Amino acid sequence: MKLIFILILSFFSFKVVAEEISGIPTITDGDTIKIVNQRIRFHGIDTPEKQQICTKNFREYNCGKEAADALARKINGKQVVCKVNDKLDRYNRYIGVCFIEEINLNKWMVRNGYAVAYRKYSKNYIQDEYYAKKNKLGLWAGNFIHPEKWRKLN
């Protein structure tokens, strides 16, 4: 019995707790940044790909570039703190929620229409997506293919 207790205790003591990565990032795209050679994918959101074209006011535009540019403008050389988990995705990126001071960048991207709530992985940003859609912000001001579907088609 004592051995089982020790085994259980050692299992919990080795569990990796969420960590933080902070610094001034390089923007990879609308939902991925790089801080100190660590790539971080924003948890629970999905942005158009760099080559993805959307329409607004009957005109085509590069919505993937717009998402990355919006994130770059928001960060504007400031310190970003990402709370990441210990798991890496298939592209060897950490998954995390990133902040500038108290501003949740994941939430900001969705709420302003530059990203969609990635329901496959999280329900955290659904209300923010509804807000952007209702107010016709960003992607919701025109027509677009959801990024996950676009990736499958391309």
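Note: the structure precedes this text.
Being a predicted model, the structure only gives us computed values, none of them experimental.

A. Structural context of unusual backbone geometry. With phi around 60°, Asn37 is a residue other than glycine that occupies positive phi space. Along the polypeptide, Asn37 turns up in the loop between β3 (32–35) and β4 (38–42). The exposed category is assigned to Asn37, whose relative accessible area is 66%.

B. Focus on the side chain of Asn106. Relative to the elements of secondary structure, Asn106 occurs in helix α3 (residues 105–111). A distance of 3.0 Å separates a polar side-chain atom of Asn106 from the backbone nitrogen of Cys98. Excluding residues that lie within four positions of it along the chain, Asn106 makes contacts with Phe42, His43, Ile45, Gly96, Val97, Cys98 and Tyr125.

C. Examining helix α2 (residues 63–75) more closely. With 13 residues, α2 ought to run about 18 Å at 1.5 Å a step, and its terminal C-alpha atoms sit 18 Å apart, in line with that. Buried within α2 are the following residues: Cys63, Gly64, Ala67, Ala68, Ala70, Leu71 and Ile75. Looking straight down α2, one finds that the buried residues subtend no more than 155° of arc, so they occupy a single side. Two to three positions downstream of the cap, the backbone nitrogen of Gly64 sits 3.2 Å from a side-chain oxygen, assigning the N-cap of α2 to Asn62. Among the residues trailing α2, Asn76 stands out with phi positive, at a value near 45°.

Criteria and cut-off values
Residues numbered from 1 in each chain as written. Predicted model: local features only at pLDDT ≥ 70, side-chain atom pairs only at ≥ 80, totals over all residues. Heavy atoms only, no water. Helix = DSSP H or I, 4+ residues; strand = E, 2+ residues; numbered from the N terminus. Buried < 20%, exposed > 50% of the residue type's maximum accessible area, 1.4 Å probe, protein only. Polar contact = N/O pair within 3.5 Å; in protein donor to acceptor, adjacent residues only side chain to side chain. Contact = heavy atoms within 4.5 Å. Expected span 1.5 Å × (residues − 1). Arc of directions from axis to C-beta.

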